[in-house]
Amino acid sequence: MTRTLYVYEHCPFCVKARMIFGLKNIPVEVKYLLNDDEAGPIGMIGKKMLPILDEDGHFMGESLDIIAHIDNVGEKVLVGTPDPAIAAWISAVEKSLYKLMLPRVACAPFPEFATTGARAYFVRKKEPSVGEFAAFLEEGSDFVAAINAALQVLAPQIRSAEAVNGVLSTDDIHLFAALHSISIIKGVIYPPEVEAYRQALSRRSKVPLLDEHAA
Ligand SMILES: N[C@@H](CCC(=O)N[C@@H](CS)C(=O)NCC(=O)O)C(=O)O
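Quick summary incoming for the structure in this document. Every value quoted in this text rests on a predicted model; they were computed, and no experiment measured them. (Residues numbered from 1 in each chain as written. Predicted model: local features only at pLDDT ≥ 70, side-chain atom pairs only at ≥ 80, totals over all residues. Heavy atoms only, no water.)

Inspection of the region around the ligand gives Tyr-8, Cys-11, Phe-13, Lys-48, Met-49, Leu-50, Pro-51, Glu-62, Ser-63, Tyr-121, Lys-125 and Lys-126 as its neighbouring residues. Between the ligand and Glu-62 there is a distance of 2.8 Å, counted from a nitrogen atom to a side-chain nitrogen or oxygen. Lys-126 places a polar side-chain atom, nitrogen or oxygen, 3.5 Å from an oxygen atom of the ligand. In isolation the ligand exposes 510 Å². Once the protein is present, 84% of that is buried. Taken atom by atom, the bulk of the ligand overlaps the largest pocket. Of the residues forming the shell around the ligand, the biggest block, three residues, is contributed by helix H5 (residues 116-130). Inspection of the shell around the ligand shows a minimum of three residues originating in each of domain 1 (3-71) and domain 2 (84-213). (Near = heavy atom within 4 Å. Polar contact = N/O pair within 3.5 Å; in protein donor to acceptor, adjacent residues only side chain to side chain. Areas by Shrake-Rupley, 256 points an atom, 1.4 Å probe, with all protein chains shown as cover. 1 Å grid on protein atoms, 1.4 Å probe; cavity = no way out; pocket = protein on both sides within 12 Å on 5 of 7 lines; lining within 4 Å. Sits in = over half its atoms within 2 Å of the grid points. Helix = DSSP H or I, 4+ residues; strand = E, 2+ residues; numbered from the N terminus. Domains from an automatic or database assignment.)

Following this line, the structure appears as structure tokens:
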């Protein structure tokens, strides 16, 4: 069986799909598409949306479907019970997160932006959802302060560096994807419990954080 996962490096849903392969040590070829490549994804799943898993020519979209499908290969790893408090934490930070993350992603040297046209496509498509990118690029903004305050709230909820609720669950997929997006924001202060957790999950899932691109 040959498996290829089509992703954008910045995309949190793609991070989620990449994680399950790393957590289960299942080989997959990760391929990056240009952000303005519409024909590729549409040809595979009928819409311009990543991630897409190609298993010997059978295409699957939707990160959660990919995760469930791969977790069912051999012994399951996401066996813990999710805690609604973690989903609530993620949805509380999302508003500040997207305002801060999207403008920084737009400047980052990711493979999906290898051409000027692909980068311009991203800006054109995403800027209307949060407002003018330039306004959110200052360091020390209220949005960064909101993320830092939220991380202080998260810290005592982390029961183990290896799994937020003590046993790996879908909460770890969603929480690590959010922390992965946060990692592109400069000026974020990680409490020790959050730092240990995001490093452990990065190592376990084999998905690198974006700290080196933080701006
Ligand atoms: N429900 C989908 C959402 C995936 C999604 O929103 N992907 C974004 C990238 S983060 C996308 O491909 N959007 C189209 C675009 O960027 O042009 C999933 O979980 O896989």
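Burial along strand S3 (residues 52-55) is two-sided: Ile-52 and Asp-54 facing one way and Leu-53 and Glu-55 facing the other are all buried. As paired strands, strand S1 (residues 3-7) and S3 are joined by four bridges and run antiparallel to one another. Opposite Tyr-6, over in S3, you have Ile-52 as the bridge partner. Bridge count for S3 against strand S4 (residues 58-60) is three bridges, and the pairing is antiparallel. Within S4, the residue paired with Leu-53 across the bridge is Met-60. The turn joining S3 and S4, which pair antiparallel and follow one another in sequence, is formed by two residues; a positive phi near 50° is taken by Asp-56. (Buried < 20%, exposed > 50% of the residue type's maximum accessible area, 1.4 Å probe, protein only. Pairing = 2+ DSSP bridges.)

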